[in-house]
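# Structural overview
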Amino acid sequence: MITHIVMWKFKAGEEENMHKFLDGLKALDGVIPQIRGMQVRVSCNEANAYDAVLISKFDSLEDLDIYKNDPRHVAVSQLCKSIRETRAAIDFEE
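Heads up: these notes are all about the structure in this document. Counting from 1, residues in each chain are numbered in the order their sequence is written. Local features in this predicted model are restricted to residues of pLDDT 70 or higher, and side-chain atom pairs are both shown and tallied only at a pLDDT of 80 or more, whereas totals for entire chains, interfaces and linings draw on every residue. With hydrogens and water excluded, all non-hydrogen atoms of the structure serve as input to the side-chain values.

### Description of the nonpolar core
With 21 residues, the main nonpolar core has Trp8, Phe10, Phe21, Leu25, Leu54 and Tyr67 as its most contacted residues. By the criteria applied, helices consist of DSSP H or I runs no shorter than four residues and strands consist of E runs no shorter than two, each listed in order from the N terminus. Every element with two or more residues in this core is listed here: β1 (2-10), α1 (15-26), β2 (37-42), β3 (52-58), α2 (61-69) and α3 (71-83). Note on contacts: a residue pair qualifies if any of its non-hydrogen atoms lie within 4.5 Å across the two residues. Sequence-distant contacts of Tyr67, defined by excluding residues within four places in its chain, comprise His4, Leu25, Leu28, Ile32, Ile35, Met38, Leu54, Phe58 and His73. As used in this record, nonpolar core signifies buried Ala, Val, Leu, Ile, Met, Phe, Trp, Tyr and Cys residues forming a set joined through side-chain atoms within 4.5 Å. Burial classification: accessible surface area is computed with a 1.4 Å probe over protein chains only, and a residue below 20% of its type maximum counts as buried, one above 50% as exposed, and the rest as partly exposed.

Okay, structure coming up:
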């Protein structure tokens with residue numbers, strides 16, 4: 001099992017678009033078959049370095065790659081790229 005974690009810091013004034021992006025991301029769960037589980041959360045602490053996090057599960061790195069390149073994921077990601085300041089990601093095997 002592969003765990004894929006992504007954290008984002010969004011530009012000031014982009015809260016509405018942040019939620020639009022995160023809702024779009026959540027909507028992929030159950031639609032892209034390679035996703036085995038997904039959590040999308042917003043930070044409750046303004047002092048944190050990041051505003052939101054994605055924790056998702058995949059059977060393999062190949063499945064993660066399929067997800068990343070799925071046109072539905074790519075479409076959702078386009079909004080994120082235009083409103084984020086920074087992004088950090090890590091993948092690990094369980």
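On we go.
### Topic: the side chain of Asp63
Relative to the assigned elements, Asp63 resides in helix α2. One buried charged residue, Asp63, forms no salt bridge at all, with the nearest opposite charge on Arg36 at 4.8 Å. Setting aside residues up to four positions removed in sequence, Asp63 forms contacts with Gln34 and Phe58. In this tally, Lys and Arg are treated as positive and Asp and Glu as negative; His is ignored, and so are the chain termini. When a carboxyl oxygen of Asp or Glu is within 4 Å of a side-chain nitrogen of Lys or Arg, the pair counts as a salt bridge.

### Notes on the pairing of β1
Of the strand pairs in this sheet, β1 and β3 are connected by seven bridges, and their pairing is antiparallel. Paired with Thr3 across the two strands is Lys57, which belongs to β3. Sheet topology note: the β1/strand β4 (residues 84-93) ladder contains nine bridges and is antiparallel. Bridging across to β4, Lys9 finds its partner in Thr86. Strands qualify as paired when DSSP identifies two bridges or more between them.

### Let's talk about the environment of Glu85
Mapped onto the elements, Glu85 comes out in strand β4. As a C-alpha pair, Glu85 and Trp8 span 77 residues in sequence and 7.5 Å in three-dimensional space. Other than its neighbours up to four places away in sequence, Glu85 contacts Lys9, Phe10, Lys11 and Ala12.

### A closer look at α3
Two residues of an α-helix separated by three or four positions point the same way, owing to the 3.6 residues in each turn. Relative to the 18 Å expected for 13 residues at 1.5 Å per residue, α3 spans 19 Å between its end C-alpha atoms, a close match to the ideal helical length. For α3, the complete set of buried residues consists of His73, Val76, Ser77, Cys80 and Ile83. Looking at the packing, one finds that the buried side of α3 touches β1, α1, α2 and β4. Under this definition, polar contacts are N or O atom pairs within 3.5 Å; protein pairs additionally need one hydrogen-donor-capable and one acceptor-capable atom, and for neighbouring residues in sequence, both atoms have to be side-chain atoms. You can read the cap of α3 off the contacts: a side-chain oxygen lies 2.8 Å from the backbone nitrogen of Arg72, and it is on Asp70. Any helix carries an expected span of 1.5 Å times its number of residues minus one.

### Structural notes on the environment of Gln78
Tracing the backbone shows Gln78 in helix α3. Taking relative accessible area as the criterion, Gln78 reaches 44% and is therefore assigned partly exposed. Sequence separation of Gln78 and Phe21 is 57 residues, and the distance between their C-alpha atoms is 9.0 Å.

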